[in-house]
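Below, each chain spelled out in residue letters.
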Amino acid sequence: MIYETEETREYRHHLSRWVDERLKPRAEELDNSGEFSIELFREIGELGYLGTMYSEEAGGSGLKKPYTCFTILCEELARASVGFAAGVCMQGSTSTHTLHAWGDEEVKTNFFLPALKGEKIGAFAITEPNAGSDAASLKTKAQKTEGGWLLNGTKVFTTNGTVADFLTVVATTDPALKAKGLELFLVDKTSPGFSVGRKLDKFSVHCSDTAELIFENVFVPDNRRLNNGSGSSFLNAYQALTVDRIFTAALAIGVGRAAYDASLQYIQDRKQFGQPVGKFQAVQFRQVEMLAKLEAARLYTYHAANLADQSKDITREAALAKIIAAENCNEVCHMAMLNYGGWGLMNEFPVQRFLRDSYFPMVGGGTGDIMRMIVARQIGL
Ligand SMILES: Cc1cc2nc3c(=O)[nH]c(=O)nc-3n(C[C@H](O)[C@H](O)[C@H](O)COP(=O)(O)OP(=O)(O)OC[C@H]3O[C@@H](n4cnc5c(N)ncnc54)[C@H](O)[C@@H]3O)c2cc1C
């Protein structure tokens with residue numbers, strides 16, 4: 001595959017074995033129970049995968065192509081379980097990125113380093129019941145007080161929300177300032193006033209933990225305001241979310257691959273009219289269409305990751321990768337369902353899970369409409 005190096009090949013090879021031996025056999029059970037597996041999460045941490053994005057000096061893996069490798073991590077985990085992959089993806093990128101980039105020594109020692117080892121779980125909470133795509137209108141308020149800040153508000157759809165040990169919360173210091181008033185605050189889950197409102201029940205990615213969170217006069221010390229004195233940190237939040245789009249695209253590719261592989265096997269095994277259904281041109285063409293969509297998604301997403309590894313601005317490419325991969329792979333999963341006929345609708349086959357899970361990358365990290373708005377701005381419209 002293009003953009004691969006010996007390092008990325010080895011990374012994929014070792015990880016892939018863990019996925020086949022540890023995650024894939026449990027994917028269906030996790031989907032049925034709806035539990036995020038902390039046991040498997042700790043294993044991923046012990047194996048060092050949560051440090052993929054960071055240098056050795058920072059306590060991470062010190063890889064030459066960290067963005068490409070993290071894209072591989074998201075893809076490989078998602079080919080077994082998008083739900084589990086979503087929690088790991090959140091930990092290894094957004095929720096640790098903000099601490100690494102803008103946390104002081106105390107933050108790094110108590111939260112960032114344990115998070116890289118899988119000892120602590122992190123979450124990133126920006127979305128609110130009445131502020132999704134329009135994040136700048138969020139209402140969670142941060143009010144200055146002696147030695148820190150008091151947070152009040154409600155967050156929703158927070159991945160890892162009920163299991164998180166810490167959360168990066170986006171709050172406004174002045175709603176009239178809209179985006180310019182937004183800041184990032186690191187909240188320890190043991191802080192008085194913090195509580196989980198409810199765990200949300202979902203159609204898709206069952207085993208990803210998704211929660212509503214409540215903040216009532218939650219005190220955050222000054223040093224856990226993640227802006228290093230650089231003024232408004234909305235830009236910080238935005239940077240963290242930009243690269244995440246590539247990883248969400250990788251989740252789509254993982255589940256698209258799983259659907260493609262399952263379908264290819266099925267149409268060779270399933271016989272009708274005295275021959276495998278894969279001998280019928282309509283079915284063959286559908287399978288080839290799936291491959292075309294999948295390959296386009298993979299090529300573009302790894303292209304974007306490769307640019308990120310070169311420290312290039314990827315605002316446009318990350319949004320395009322998410323559009324291409326999320327939408328192509330949702331179609332791939334849909335076509336896999338068609339190739340399975342009636343058995344596709346039965347829970348004993350995983351294609352229905354693949355299709356359900358393929359809706360998550362279409363929304364998580366921003367909808368396709370919002371990705372199109374970002375690209376439109378990038379091309380001068
Ligand atoms: C499983 C899951 C996990 C998530 N995890 C997290 C998380 O960890 N942390 C977090 O903060 N958030 C998380 N989210 C939230 C996610 O980022 C939002 O759902 C997403 O940004 C869309 O917001 P919304 O759901 O409020 O939709 P809305 O913003 O209400 O959008 C509704 C519709 O209107 C369209 N729309 C809105 N504005 C425009 C516009 N200007 N132009 C054109 N169309 C528009 C949208 O595309 C969509 O079709 C998660 C969501 C899901 C489903």
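Residues numbered from 1 in each chain as written. Predicted model: local features only at pLDDT ≥ 70, side-chain atom pairs only at ≥ 80, totals over all residues. Heavy atoms only, no water.

Q: Tell me what's going on with the domain arrangement of the protein chain, and back it up with residues and numbers.
A: What the domain assignment reports for the protein chain is domain 1 (6–120), domain 2 (123–231) and domain 3 (235–378). Centre-to-centre, using C-alpha coordinates, domain 2 lies 30 Å away from domain 3. Each partner contributes residues to the interface: domain 2 has ten residues there, and domain 3 has nine residues. Across the domain 2 to domain 3 interface the summed buried area is about 830 Å²; carbon plus sulfur atoms make up 68%. Sorting the residues of domain 2 by area buried against domain 3 places Ser 133, Phe 203 and Val 205 first, and these three jointly supply 45% of that buried surface. (Domains from an automatic or database assignment. Contact = heavy atoms within 4.5 Å. Buried area = accessible area lost by both parts, 1.4 Å probe.)

Q: Got a sec to walk through the packing of aromatic side chains? Specific residues and values, please.
A: Scanning all chains against the criterion turns up 15 aromatic pairs. When the centroid spacing of 5.4 Å and the interplanar angle of 85° are considered together, the rings of Tyr 11 and Tyr 49 count as edge-to-face. Of the two residues, Tyr 11 is situated in helix 1 (residues 6–23) and Tyr 49 in the loop between helix 3 (38–46) and helix 4 (66–78); the sequence distance between them amounts to 38 residues. Just as Tyr 11 is buried, Tyr 49 falls in that class too. (Phe/Tyr/Trp six-rings, centres within 6.5 Å; stacked < 30°, edge-to-face > 60°. Helix = DSSP H or I, 4+ residues; strand = E, 2+ residues; numbered from the N terminus. Buried < 20%, exposed > 50% of the residue type's maximum accessible area, 1.4 Å probe, protein only.)

Q: Account for unusual backbone geometry, naming residues and giving values.
A: Peptide bonds are mostly trans, and most non-glycine residues show a negative phi. With a phi close to 65°, Phe 157 is a non-glycine residue in the positive phi region. Checked against the element boundaries, Phe 157 lands in strand 3 (residues 148–159). One non-glycine residue, Asn 217, lies in the positive phi region at around 50°. The topology assignment puts Asn 217 in strand 7 (residues 210–221). For Asn 217, a relative accessible area of 48% puts it in the partly exposed group.

Q: Account for the site of the ligand, naming residues and giving values.
A: Neighbouring the ligand are 19 residues, the closest being Thr 127, Ser 133, Phe 157, Thr 367 and Asp 369. A distance of 2.7 Å separates a nitrogen atom of the ligand from a polar atom in the side chain of Thr 127. One of the side-chain N or O atoms of Asp 369 is found 2.6 Å from an oxygen atom in the ligand. Summarising the interface, the protein chains cover 63% of the accessible area of the ligand, which totals 970 Å² for the free molecule. For the shell around the ligand, the elements supplying multiple residues, two or more each, are strand 1 (122–125), strand 3, helix 11 (360–363) and helix 12 (368–378). Along the lines of polarity and charge, the residues of the shell around the ligand split into nine nonpolar, eight polar and two charged. The residue makeup of the shell around the ligand includes at least three contributed by each of domain 2 (123–231) and domain 3 (235–378). (Near = heavy atom within 4 Å. Polar contact = N/O pair within 3.5 Å; in protein donor to acceptor, adjacent residues only side chain to side chain. Areas by Shrake-Rupley, 256 points an atom, 1.4 Å probe, with all protein chains shown as cover. Nonpolar A, V, L, I, M, F, W, Y, C, P; charged D, E, K, R; others polar.)

Q: A description of helix 12 should follow, citing residues and the corresponding values.
A: Among the residues of helix 12, Gly 368, Met 371, Ile 374 and Val 375 are the ones counted as buried. Seen end-on, helix 12 carries its buried residues on one side only, within an arc spanning 115°. Pointing more than 90 degrees away from the buried face of helix 12 are the exposed residues Asp 369 and Arg 377. At the C-terminal side of helix 12, Gly 380 shows a positive phi close to 85°. (Arc of directions from axis to C-beta.)

Q: Pulling in residues and values, what's your account of the packing of helix 8 (residues 281–309) against helix 9 (residues 315–339)?
A: Two elements in contact, helix 8 and helix 9, have axes separated by 9 Å at closest approach and are oriented at 160°. Comparing the axis directions of helix 8 and helix 9 gives the class roughly antiparallel. For the element pair helix 8 and helix 9, the recorded crossing hand is left-handed. Residue composition of the contact of helix 8 with helix 9, by class: 17 nonpolar, five polar and five charged. (Axes fitted to C-alpha atoms, helices over the stretch in contact; angles between N-to-C directions. Parallel < 35°, antiparallel > 145°, perpendicular 65-115°, else oblique. Left-handed = near helix turned anticlockwise from the far one by under 90°.)

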